[in-house]
Amino acid sequence: ECITLNATSSTTANILQDADSDTKIQVEESSDEDTIRMDIAGTEVLTLTNSAMTLKGTTPTLTIGDAGAEDTKIVFDGNAQDFYIGLDDSADDLIIGKGSTVGTTPAIVIDEDLKVGINTSSPSTDLHISGANDDTNGQLKITGTSSGDAQIVFFTDTNGRGMYLDDSDTNAFKIYGGAGKGSNEFIIDNSGNVGIKTTPDSDAILHAKGTTAHTYMTVEANSGVTAASKYISGSNAYRVGIDTTSG
């Protein structure tokens, strides 16, 4: 087959094409379109303008690299700061980082075991966050928006638990069971009072409420050790317990 460059007039599109015209590159399909188009086997697979490249087709795929032993990357070239997404071939890690060189100043790392690291290049768990000590913000911050609760949910195959800050209850911290929010099992109110299976009384540091016929608190000690609870009022201290050493 031959390749033909067609430019018969100033209004006719310039076309680089094969003999049967089903694979071609066009410059301006219509007059003054300023778009480069690529067709392969009769299907348009790419368009290029002065600001955008679009891949088309059934399963558009962009492959960077040739399976060689080298890093591959995309660099976002900013005015004041560059960022990159790249494959560190020596470490087999996908990295998002600051700058233009793969491996420098990594922000997010996904290793070959699909463990994710934030501010660490060696994640040891499914999600590993590393950061400087920050007494105000910590390393992980979850914020509810538009009067929404900040919440974390833990699930197994059959059950779940969650914890959240209740925006409607002056940001009380609550842990709930499988029935969802509202079935609270543990509450710390805005004054630091603790409630177990109940909302704590305003004058009770610890308030527990049972839901069965018998409500009690268990204090258990190892063999030979006294199991006791201690009460302090001013300079006086009182202990209630069972001394197992005396029988």
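Residues numbered from 1 in each chain as written. Predicted model: local features only at pLDDT ≥ 70, side-chain atom pairs only at ≥ 80, totals over all residues. Heavy atoms only, no water.

Caption draft 1: Region of interest: a nonpolar patch on the surface. The grouping of Leu55, Leu62, Ile64, Ile74, Phe76, Phe83, Ile85, Leu94, Ile96, Ile108, Ile110 and Leu114 at the surface amounts to a nonpolar patch, some 1000 Å² of accessible area in total. Of all the elements in the fold, those that place two or more residues in the nonpolar patch are β7 (72-76), β8 (83-88), β9 (93-98) and β10 (106-110). Following the sequence through the fold, Ile64 ends up in the loop between β6 (53-55) and β7. Given the relative accessible area of 43%, Ile64 is considered partly exposed. (Patch = residues over 30% accessible without salt bridge, like charges linked within 9 Å, V, L, I, M, F, W, Y side chains within 5 Å. Areas by Shrake-Rupley, 256 points an atom, 1.4 Å probe, with all protein chains shown as cover. Salt bridge = Lys/Arg side-chain N within 4 Å of Asp/Glu carboxyl O. Helix = DSSP H or I, 4+ residues; strand = E, 2+ residues; numbered from the N terminus. Buried < 20%, exposed > 50% of the residue type's maximum accessible area, 1.4 Å probe, protein only.)

Caption draft 2: Seen up close, the side chain of Gln26. Relative to the assigned elements, Gln26 resides in strand β3 (residues 24-27). Leave out the neighbours within four places in its chain, and Gln26 touches Asn14, Ile15, Thr35, Ile36, Arg37 and Asp39. (Contact = heavy atoms within 4.5 Å.)

Caption draft 3: Local environment of the pairing of strand β16 (residues 184-188). With four bridges connecting them, strand β15 (residues 172-176) and β16 associate as antiparallel partners. Across the sheet, the residue bridging to Ile175 is Phe186, located in β16. When β16 meets strand β17 (residues 194-196), the two strands line up antiparallel, connected through three bridges. Paired with Ile187 across the strands is Gly195, a residue of β17. Hairpin geometry of β16 and β17 is characterised by an intervening segment of five residues between the two adjacent antiparallel strands and by a positive phi of about 90° at Gly192. (Pairing = 2+ DSSP bridges.)

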